[in-house]
Amino acid sequence: MNHRIPCEIIQDLMPMYADGLTSETTDREIRSHLEECETCREMYERMKAEMEGDASQTAGEPPEIDYLKKVRRKNVRNVVLAAAGVFLFMAAALFMKLFVIGYPTESYVLTYTDVNGEQVNVGGVMSDSAAVYRGYKLVQEDGAQRLVIYSCLPSFWNRSGTFNLELALPGGGRDLNIQGITIKSNGDLISSLANELYRARNPYIGDASADGRLSGTLGISRELGSFKNELQTSGEPYGWTLNFEESTSNSAVFEERMKAYACVLIALTDNLGQVSWNYTVELEQGPVLRHGTITEEECGEMVGAPVKTFADSPEGIEQLIKQLGIGR
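Definitions and limits used
Residues numbered from 1 in each chain as written. Predicted model: local features only at pLDDT ≥ 70, side-chain atom pairs only at ≥ 80, totals over all residues. Heavy atoms only, no water. Helix = DSSP H or I, 4+ residues; strand = E, 2+ residues; numbered from the N terminus. Rg over C-alpha atoms; globule rule 2.2 N^0.38 Å. Contact = heavy atoms within 4.5 Å. Areas by Shrake-Rupley, 256 points an atom, 1.4 Å probe, with all protein chains shown as cover. Core = buried A, V, L, I, M, F, W, Y, C linked by side-chain atoms within 4.5 Å. Buried < 20%, exposed > 50% of the residue type's maximum accessible area, 1.4 Å probe, protein only. Phe/Tyr/Trp six-rings, centres within 6.5 Å; stacked < 30°, edge-to-face > 60°. Lys NZ or Arg CZ within 6 Å of the ring centre and 35° of its normal. UniProt positions renumbered as here; feature names shortened; annotations may be inferred. Domains from an automatic or database assignment.

### Quick notes on the overall build of the protein
Next, step 1: Counting its secondary structure elements, the protein contains 10 helices and 13 strands.
Next, step 2: Relative to its length of 328 residues, the protein is extended, with a C-alpha radius of gyration of 46 Å against a globular reference of 20 Å.
Next, step 3: Taking the intrachain contacts of the protein between residues at least 6 apart in sequence as the baseline, contacts between residues at least 24 apart amount to 55%.
Next, step 4: Total accessible area on the protein stands at roughly 19,400 Å², and carbon and sulfur atoms take up 52% of it.

### Here we look at the nonpolar core
Next, step 1: Among the nonpolar cores identified, the biggest contains 42 residues, and Phe244, Met258, Val275 and Trp277 are the most heavily contacted of them.
Next, step 2: Contributing elements (two or more residues each) for this core: helix H5 (192-199), helix H6 (208-218), helix H7 (220-224), strand S11 (238-248), helix H8 (251-268), strand S12 (272-283), helix H9 (296-303) and helix H10 (314-324).
Next, step 3: Broken down by element, the residue count for this core peaks at 11 residues, all from H8.
Next, step 4: Contact partners of Val275, with chain neighbours within four places excluded, come to Trp240, Leu242, Met258, Ala262, Leu265, Ile266, Gly292, Thr293 and Ile294.
Next, step 5: Core analysis: the next-biggest nonpolar cluster, separate from the first, contains 15 residues, Tyr133, Leu176, Ile178 and Ile183 among them.

### Some words on the packing of aromatic side chains
Next, step 1: Evaluated as defined, the whole model comprises 9 aromatic pairs.
Next, step 2: Relative to Phe163, the ring of Tyr108 lies with its centre 5.7 Å away and its plane at 75°, an arrangement referred to as edge-to-face. Highlighted residues: Tyr108 in strand S2 (residues 108-116) and Phe163 in strand S6 (residues 162-168), separated in sequence by 55 residues.
Next, step 3: The exposure class of Tyr108 is buried, given its relative accessible area of 4%.
Next, step 4: Arranged with centres 4.2 Å apart and planes meeting at 25°, the rings of Phe254 and Tyr279 form a pair that is stacked. Within this pair, whereas Phe254 is found in helix H8, its partner Tyr279 is found in strand S12, the two being separated by 25 residues in sequence.
Next, step 5: Overall, Tyr279 belongs to the buried group, its relative accessible area being 1%.
Next, step 6: Positioned above the aromatic ring of Tyr261, the side-chain terminus of Arg257 is 5.4 Å from the ring centre.

### Focus on the UniProt feature "domain: DUF4825" (unreviewed entry) in the protein
Next, step 1: In the numbering adopted here, UniProt assigns the feature "domain: DUF4825" (unreviewed entry) to residues 197-279.
Next, step 2: Helix makes up 45% of residues 197-279 and strand makes up 30%, while its end C-alpha atoms are separated by 25 Å.

### Points about the domain arrangement of the protein
Next, step 1: If you check the domain split of the protein, you get domain 1 (1-34), domain 2 (105-188) and domain 3 (192-322).
Next, step 2: Once you take the C-alpha centre of each, domain 2 and domain 3 turn out to be 33 Å apart.

### Observations concerning the environment of Ile190
Next, step 1: Checked against the element boundaries, Ile190 lands in strand S9 (residues 189-190).
Next, step 2: Separated by 13 residues in the primary sequence, Ile190 and Asn177 place their C-alpha atoms 9.5 Å from one another.
Next, step 3: When sequence neighbours within four positions are dropped, the list of residues in contact with Ile190 reads Gly180, Ile181, Thr182, Lys184, Asn195, Pro314, Glu315 and Glu318.

Below you can see the structure in the form of structure tokens.
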């Protein structure tokens, strides 16, 4: 069959012809060709059918494809809602923790602790200005009770940074521990200083780090000034000399306080027999070097009993420091 235009050219032009993008002259040639060429006519009909099918799919997706799209949209929505729910839950939990439930804290100062019969009265104030008192809990541990104070962030319904508690005296031989203070079941109160000193007991004067821990717990340098240690461990009585680096204006007060501290050092250091101290006092004529010393026997005379016997228990240490006026 004789064609004016080759089939290959007609077939290349078919997509444009089907979309109406060819000129009138080209349209006439293609129509004329399709009337005469069965092969190209069948190809054009298939192409037109496919194009009509694509157009119908674009206008309306098949049910199964539309269902999958809905499922995907629903899943995305569920994920977003779940994430928003988790965020809101965490935000609510954080709000409850910070403003309502509170959290355990050690940032408070006790203003009083008193035992009255079977009742323990405790008062305090939060030392953190960004926290208020929320509540308390008595925690059981090692056969004793421990007071745990809870604080939270300030809010319009809670702005109080103080607390005043009335607790029952623990029974059954149990202790009540309040920020280092121990209240025995019989009502005896042991200060945090006595408990710390009991833990700082030193078996040997030659242990310089233990010596420093003991004197630091007593707070000698805080009250009387910094000093350097000099230890005598070559023979008994073993000695400890404190050489103070700062001057004092009142030697009588200094001597009284140093004797009290020395008795505690001797009581809590097993093999320590005497304590000496050197210091400077400022007088009208100028600074004068002074020296003092006290022995284990002299300490016993001061407190009315062998001084080392007080170190056997926190109760004994509490009695010793009360007699010596330490920690008041």
